[in-house]
Amino acid sequence: MDAKRICRLAGVEEDRLILLEETESTNDTAKALARQGAPHGTAVLALRQTAGRGRLGRSFLSPAGGIYLSLILRPSFTAQELMPLTALLAACAARAVEEVSNILPQFKWVNDLLLGDKKLAGILTEPAFKGDGTLDFVICGIGLNCNTDPCEFQEEVQAMATSLKAFTGREQDMERLVSALIRHLPQACVREEKAKLLDFYRAHCVTLGKPVRVMGGEVYTATALDVDENAALIVRDEQGELHTVSAGEVSVRGLYGYA
Ligand code: BTN
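Residues numbered from 1 in each chain as written. Predicted model: local features only at pLDDT ≥ 70, side-chain atom pairs only at ≥ 80, totals over all residues. Heavy atoms only, no water.

The subject of this paragraph is the side chain of T23. Turning to its location among the elements, T23 is positioned in strand β1 (residues 17-23). Within polar-contact distance, the side chain of T23 engages the side chain of T29 at 3.1 Å. If sequence neighbours within four positions are ignored, T23 has contacts with T29, A46, R48, Q49, T50 and A51. (Helix = DSSP H or I, 4+ residues; strand = E, 2+ residues; numbered from the N terminus. Polar contact = N/O pair within 3.5 Å; in protein donor to acceptor, adjacent residues only side chain to side chain. Contact = heavy atoms within 4.5 Å.)

This is how it looks when you write it as structure tokens:
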């Protein structure tokens with residue numbers, strides 16, 4: 001990977017991208033840099049991760065061919081404004097993928113990008129707060145299977161995951177895609193973009209209208225109805241009661257093995 005080309009295409013200074021052959025987790029590297037004062041928009045990119053992390057404490061397999069990118073973001077957001085950030089970042093990531101490959105991924109609430117019924121990418125957002133409780137920075141980590149060969153995935157992951165290369169049958173320009181992500185992702189912090197990005201997210205969210213299983217507390221089945229302004233999922237359970245789901249896992253029937 002050519003860091004200079006990525007920065008040129010992204011329109012950022014060369015010191016804004018740290019490119020690593022391998023690291024445990026780019027989110028952790030970015031967090032350490034943010035604590036040392038690295039500015040908004042600084043990006044950490046690794047060719048492989050040895051301890052990639054996903055949402056809900058899961059590990060994120062990170063073989064060569066994927067994009068493992070973490071951005072330091074320093075929006076002056078309140079706790080309320082932070083709530084929809086993962087969905088807004090997913091929307092920005094999808095726009096970056098579309099710009100480079102002409103293929104628009106869909107969303108599985110809240111942080112998965114899909115191609116067909118398989119996972120292309122996941123987003124892990126980790127905020128850090130100052131002593132007075134205000135937001136210090138947010139690390140936005142994205143793992144995207146770009147030119148990954150599906151045989152690199154563990155057997156149980158193969159049925160659920162795809163890569164851009166596997167989906168299109170063509171090797172993709174990873175440097176262009178990284179540069180597009182570096183340009184698009186910070187848009188999630190622009191207040192004026194929020195309504196438009198959330199509408200885009202809703203329009204392409206495969207979870208909506210589907211039967212879902214809500215987990216991570218009380219487990220129940222429901223129908224997903226809408227995504228609200230905090231990017232929480234509104235569901236109706238079998239008794240007709242409405243719930244607002246803002247954390248935990250929601251599996252969608254027909255996706256990733258929820259029969
Ligand atoms: C998920 O699917 O649950 C989120 C996966 C996020 C993975 C990315 S890869 C870059 C960054 N570093 C990590 O350790 N995790 C994120």
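To continue, consider the site of the ligand. Around the ligand there are 21 residues in total, and S25, Q49, R53, R55 and K119 lie nearest to it. Here a nitrogen atom of the ligand and a backbone polar atom of R53 are 2.7 Å apart. The backbone of R55 places a nitrogen or oxygen atom 2.7 Å from an oxygen atom of the ligand. Protein contacts shield 97% of the accessible area of the ligand, which totals 410 Å² for the unbound molecule. (Near = heavy atom within 4 Å. Areas by Shrake-Rupley, 256 points an atom, 1.4 Å probe, with all protein chains shown as cover.)

A word on a negative patch on the surface. Judged by side-chain charge, D2, E13, E14 and D15 come together as a negatively charged surface patch. Note on placement: E14 falls in the loop between α1 (3-10) and β1. (Patch = residues over 30% accessible without salt bridge, like charges linked within 9 Å, V, L, I, M, F, W, Y side chains within 5 Å. Salt bridge = Lys/Arg side-chain N within 4 Å of Asp/Glu carboxyl O. Lys, Arg positive; Asp, Glu negative; His and termini not counted. Charge placed at Lys NZ, Arg CZ, Asp CG, Glu CD.)

Attention shifts here to the pattern of salt bridges. Counted by the stated rule, this structure contains 17 salt bridges. Its salt-bridge partner being D28, residue K31 comes within 3.9 Å of it at the nearest N-O pair. Taken as a pair, K31 and D28 lie in helix α2 (residues 26-35) at a separation of three residues, close to a single helical turn. Taking the relative accessible area as the measure of exposure, D28 reaches 34% and is therefore partly exposed. A salt bridge links K119 to D112, with the shortest nitrogen-to-oxygen separation between them at 2.9 Å. We classify D112 as buried; its relative accessible area is 5%. When salt bridges with common partners are traced through the structure, they connect D28, K31, R53 and E126 into a single cluster. (Buried < 20%, exposed > 50% of the residue type's maximum accessible area, 1.4 Å probe, protein only.)

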